[in-house]
Amino acid sequence: MFKILNSINSPQDLKGLSQEEIKLLAKEIRELIVEVVSETGGHLAASLGAVEIAIALHYCLNAPEDKIIWDVGHQAYAHKILTGRRERFKTMRQLGGISGFPNVYESEYDPFTVGHGSTSISSAMGLAKARDLNGESYKVVAVIGDGSLVGGMAFEALNYAGQSKTNMVIILNDNEMSIARSVGALSKYLNKILTNPTYNKIHKDMEGLVKRVPWYGFRVYRAAKKLEEGVKNLLIPGMLFEELGIRYVGPIDGNNAEELIATLKNVLTFEGPILIHAITKKGKGYIYAENHPEKFHGTAPFDIETGEVKGTAQTDSRSEPSFTDAFSDAVMEMAEDDKKIVAITAAMPEGTGLEKFGQAYPERFFNVGMAEQHAITFAAGLSKGGLIPVVAIYSTFLQRSYDQIIHDVCLQNLHVILCLDRAGIVGEDGPTHHGLFDIPYLRHMPNITIMAPKDQRELREMLKFAAYNCRGPVAIRYPRGKLTADADKCAPLDYGKAEVISEGNDLAILSIGSTVWPSCRAADLLTKEGIKAAVINMRFVKPLDEDLLKALSAKIKKFVVIEEGVLDCGFGSAVLEFFEKEKIKGIMVKRIGLPDKFIEHGKKEELLKRYGLDVEGIAAQIKEIYG
Ligand SMILES: Cc1ncc(C[n+]2csc(CCOP(=O)(O)OP(=O)(O)O)c2C)c(N)n1
């Protein structure tokens, strides 16, 4: 039972709370977050660190009239809890439950749907401009982490915000962490501000002064703070934000609600764009998350007492490697034999499986921060310089790099290997994170080779094949987690050639990547009903195995194409285009994949079933058409 939290049904209920009650509220919110995330899994550490920021914002602002925009949105659990979603919070990330990210369809308190990083300053800026043009007066605040601030788009927005005189507040939530430790020159710069000896001395002196005159209370504190700001701005060199035209306030303790509220109240009366530099502790209040913020950035359900991940997830990962593990092992093997292999991640060394590589070959490993566009063009440069860059980025985040792949890699036919992890349905993170668009966004690029392995073993082979048997750009897409292979069979790879897994004359199932083994099982079910299907592991989305398609179409007239991706412009479309191009008549093609809508969040298996991509679903759809 929560003493304060249970009485907070909307941000209005915060307004009358005393400082002591606010402290207790923060504690209760943390307890609820830990309790729920230990059951649902989710982004624990960032949300624990941002509790006071959420409280202070709702204390000082009048949302939903005033707009709060969270960058990425993974740190906004306290915001959700304070904005009428306390009861539904336990349904978070589950099918039919609330989302793990801010979502416009879920609440009027979420002015933007988010999940990808570095967007908040741009969208906040747009809202603020619209407000001004409409003659309205609401406040706009963007909350962005130090990890997200390094994304190119955030820089572009800062550049623009600085020249506009628009009133808006940016809270820089600086915990010195992205998912791993923050990297790059900006991170060093922020750290320099925190550790500046002159500033720290003034800060300490001011604290001492305030302590000596407690009875002046809040007003003295505010006056001292103002003085501190002024002196600091004079003494600290290179105030980057100020130089850009954005007033810089801070650094302040972002886990001290009192200090945050005092600063915010003050700042909300200022004109023009302001940046409050708030220092927070990632994982604050839950010891395991404080000690291991990277592990608890995004976590599966865990045991609160021990901090250990619950259930089968861990046991499984020991017994059978995931796709990420298989990628990790293969790239390590390649790097051992070949000094030209270099690896790039955009702030996700652990998630992409490149952490081991970074430890073993630090000089050949590049964590460029959350900057996917830079990662690709940087890889283009590495390739031009004679190296073999392997870039591992989740399918959904590679969307950011569309132009860089076309203009900087494909146009010059550079040998860059793109490894798209989390391709397909990812599950609980939902529509911002499913990797369903990569086949369409890559397939039309000239020069590119696109492969998708049916299982972990084939991924290893494909990675080596991409490095030594392909020229130009190569993309390999593979899903989250692991797939159980029906047979330890992996015929040698041949460029642009498919693998025939089983023969049959009634119809041909053309399957790609994660759908291959489920297609085989569906074919087994169909055999029991007297339908004999050939199952083909297509392996290459591009180039298509045209010879095989021609040969098949001479004897089989019914085709089913199966992919874990959107149907529009997908792999099935490529097959249709081929039949059209070759003017092959009398063919029936059924495409199975994801429909033209954003797919909700939920467990991966639940979603695959819902969209007919599980074994039974595939068999039923084929029967419906051909049975
Ligand atoms: C474009 C993009 N790339 C990668 C990610 C994956 N990602 C989610 S949160 C995060 C780190 C965010 O760091 P920061 O903004 O400092 O927030 P913190 O978690 O430290 O509070 C990353 C890399 C993403 N959401 N969007």
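These figures come from a predicted structure and were not determined experimentally.

Enquirer: What exactly am I supposed to notice about the side chain of S99 here?
Expert: Checked against the element boundaries, S99 lands in the loop between α4 (77–85) and α5 (120–133). Here S99 falls in the buried class, since its relative accessible area comes to 8%. Polar side-chain contacts of S99 include one of 2.9 Å to the backbone nitrogen of F101. If sequence neighbours within four positions are ignored, S99 has contacts with K80, M92, R93, E106 and H601.

Enquirer: Could you clarify how one ought to interpret the site of the ligand in this entry?
Expert: Every one of the 22 residues lining the ligand counts as a neighbour, but H74, G147, S148, K282 and E372 are closest to it. S148 is positioned such that a nitrogen or oxygen atom in its side chain is 2.6 Å from an oxygen atom of the ligand. With respect to the ligand, the backbone of M177 contributes an N or O atom lying 2.8 Å from an oxygen atom. Its free accessible area being 580 Å², the ligand has 98% of it covered by the protein chains. Of the residues in the shell around the ligand, the class split is eight nonpolar, 10 polar and four charged. In terms of domain composition, the shell around the ligand takes at least three residues from each of domain 1 (5–196 + 236–291) and domain 2 (317–477).

Enquirer: Explain the domain arrangement of the chain to me, please; I cannot follow it from the model alone.
Expert: It is common to report an interface's size as the accessible area lost on association of the parts. Segmenting the chain into domains produces domain 1 (5–196 + 236–291), domain 2 (317–477) and domain 3 (499–626). A C-alpha centroid distance of 26 Å is found between domain 2 and domain 3. For the pairing of domain 2 and domain 3, the buried interface totals around 2400 Å² over both sides, and the portion due to carbon and sulfur atoms is 61%. Considering only the side of domain 2, the residues that lose the most area to domain 3 are I425, R443 and K454, jointly responsible for 32% of the buried surface there. Taken together, the links from domain 2 to domain 3 amount to three salt bridges. With a closest N to O distance of 2.9 Å, R539 and E458 form a salt bridge. Elements supplying a minimum of two residues to the side of domain 2 that touches domain 3: α19 (438–443), β10 (449–451) and α20 (456–468). Considering only residue class, the side of domain 2 that touches domain 3 consists of 16 nonpolar, six polar and seven charged.

Enquirer: Explain the packing of helix α22 (residues 546–555) against helix α23 (residues 571–581) here, please?
Expert: Helix-helix packing: each pair is described by the crossing angle between the helix axes and the interaxial distance. For the pair α22 and α23, the least separation of the axes is 11 Å and the interaxial angle reads 70°. In this view, α22 runs roughly perpendicular relative to α23, as classed from their interaxial angle. In the crossing of α22 with α23, the sense of the turn from one axis to the other is right-handed. Taken together, the residues of α23 that come into contact with α22 (itself represented by E546, L549, K550 and S553) are F578, F579 and K581. Along the lines of polarity and charge, the residues of the contact of α22 with α23 split into three nonpolar, one polar and three charged.

Enquirer: Whenever I open this one, the pattern of salt bridges confuses me. Can you help?
Expert: Close approach of charged atoms lets side chains of opposite charge pair. What the rule picks out here adds up to 29 salt bridges. Here R539 makes a salt bridge to E499, at a shortest N to O gap of 3.8 Å. With R539 in the loop between β14 (533–537) and β15 (540–542) and E499 in strand β12 (residues 499–502), this pair connects stretches of sequence that are 40 residues apart. Note on accessibility: R539 and E499 belong to one class, buried. One salt bridge connects E546 with K581, and the closest N-O pair in it is separated by 3.1 Å. Separated by 35 residues along the polypeptide, E546 in helix α22 and K581 in helix α23 bring together distant segments of the chain. Its relative accessible area of 27% is what places E546 among the partly exposed residues.

Enquirer: I keep staring at the environment of A257 and nothing clicks. Help me out?
Expert: In this structure, A257 sits in helix α11 (residues 257–267). Taking the C-alpha atoms as reference points, A257 and E65, separated by 192 residues in sequence, lie 22 Å from one another.

Enquirer: Teacher, can you tell me more about the sheet that holds strand β13 (residues 507–511) here?
Expert: In sheet architecture, strand pairing relies on hydrogen bonds along the backbone and comes in two forms, parallel and antiparallel. Taken together, five strands build an open sheet; the order of strands is β12-β14-β13-β16-β17 and the sheet is mixed. The sheet is open, and its two borders are formed by β12 and β17 (588–594), each paired with just one other strand. Strand-to-strand, the axes of this sheet are offset by a mean angle of 25°, without reference to chain direction. Pairing analysis gives five bridges linking β13 to β14, with the strands arranged parallel. Looking at β14, one finds that S511 is bridged to N537.

Enquirer: So what exactly am I meant to see when it comes to helix α18 (residues 402–410) here?
Expert: Working note: α-helix, 3.6 residues per turn, so residues spaced by three or four point in the same direction. Buried within α18 we find Q404, I405, D408, V409 and C410. Taken end-on, α18 shows its buried residues confined to a sector of 155°, consistent with a single buried face. As for α18, its buried residues are in contact with α16 (372–384), α17 (395–398), β9 (417–421) and α19.

Enquirer: It is not clear to me how helix α14 (residues 323–337) should be interpreted in this structure. Could you clarify?
Expert: For α14, with 15 residues, the first-to-last C-alpha span of 22 Å sits near the 21 Å given by 1.5 Å per residue. At its buried positions, α14 is contacted by β6 (341–345), α15 (355–360), β8 (388–394), β9 and α20.

Enquirer: What am I meant to see in the packing of aromatic side chains here?
Expert: For any pair of aromatic rings, the description consists of the separation of the ring centres together with the inter-plane angle of the planes. According to the stated counting rule, one finds 17 aromatic pairs in the structure shown. For the pair F357 and F365, a centre-to-centre distance of 6.5 Å together with 45° between the ring planes defines the contact as tilted. Take F357 and F365: they sit in the same class, and that class is buried. Pairing F559 with F579 gives two aromatic rings, centres 5.1 Å apart and planes at 55°, and the pair type is tilted. One end of the pair, F559, is in strand β16 (residues 558–566); the other, F579, is in helix α23, and 20 residues separate them in sequence. Among the residues examined, F579 registers a relative accessible area of 4% and is labelled buried. Members of the aromatic cluster, each reached through a chain of ring pairs, are Y286, Y288, F296 and F302. Taking NZ or CZ as reference, K67 lies 5.0 Å from the ring centre of Y138, over its face.

Enquirer: Explain the pairing of strand β3 (residues 168–174) to me, please; I cannot follow it from the model alone.
Expert: With seven of seven residues buried, β3 lies mostly within the body of the structure. Burial of β3 is two-sided: the residues M168, I170, L172 and D174 facing one way and the residues V169, I171 and N173 facing the other way are all buried. Examined bridge by bridge, strand β2 (residues 140–145) and β3 share five bridges and lie parallel to one another. In the sheet register, I144 faces β3, and the bridge partner there is L172. Handedness of the β2-helix α6 (residues 152–163)-β3 crossover: right-handed. Bridge analysis of β3 against strand β5 (residues 273–279) gives seven bridges, and the strand direction is parallel. Across the sheet, the residue bridging to L172 is H277, located in β5.

Conventions adopted
Residues numbered from 1 in each chain as written. Predicted model: local features only at pLDDT ≥ 70, side-chain atom pairs only at ≥ 80, totals over all residues. Heavy atoms only, no water. Helix = DSSP H or I, 4+ residues; strand = E, 2+ residues; numbered from the N terminus. Buried < 20%, exposed > 50% of the residue type's maximum accessible area, 1.4 Å probe, protein only. Polar contact = N/O pair within 3.5 Å; in protein donor to acceptor, adjacent residues only side chain to side chain. Contact = heavy atoms within 4.5 Å. Near = heavy atom within 4 Å. Areas by Shrake-Rupley, 256 points an atom, 1.4 Å probe, with all protein chains shown as cover. Nonpolar A, V, L, I, M, F, W, Y, C, P; charged D, E, K, R; others polar. Domains from an automatic or database assignment. Buried area = accessible area lost by both parts, 1.4 Å probe. Salt bridge = Lys/Arg side-chain N within 4 Å of Asp/Glu carboxyl O. Axes fitted to C-alpha atoms, helices over the stretch in contact; angles between N-to-C directions. Parallel < 35°, antiparallel > 145°, perpendicular 65-115°, else oblique. Left-handed = near helix turned anticlockwise from the far one by under 90°. Pairing = 2+ DSSP bridges. Arc of directions from axis to C-beta. Expected span 1.5 Å × (residues − 1). Phe/Tyr/Trp six-rings, centres within 6.5 Å; stacked < 30°, edge-to-face > 60°. Lys NZ or Arg CZ within 6 Å of the ring centre and 35° of its normal. Right-handed = clockwise from strand over helix to strand, strands pointing away.

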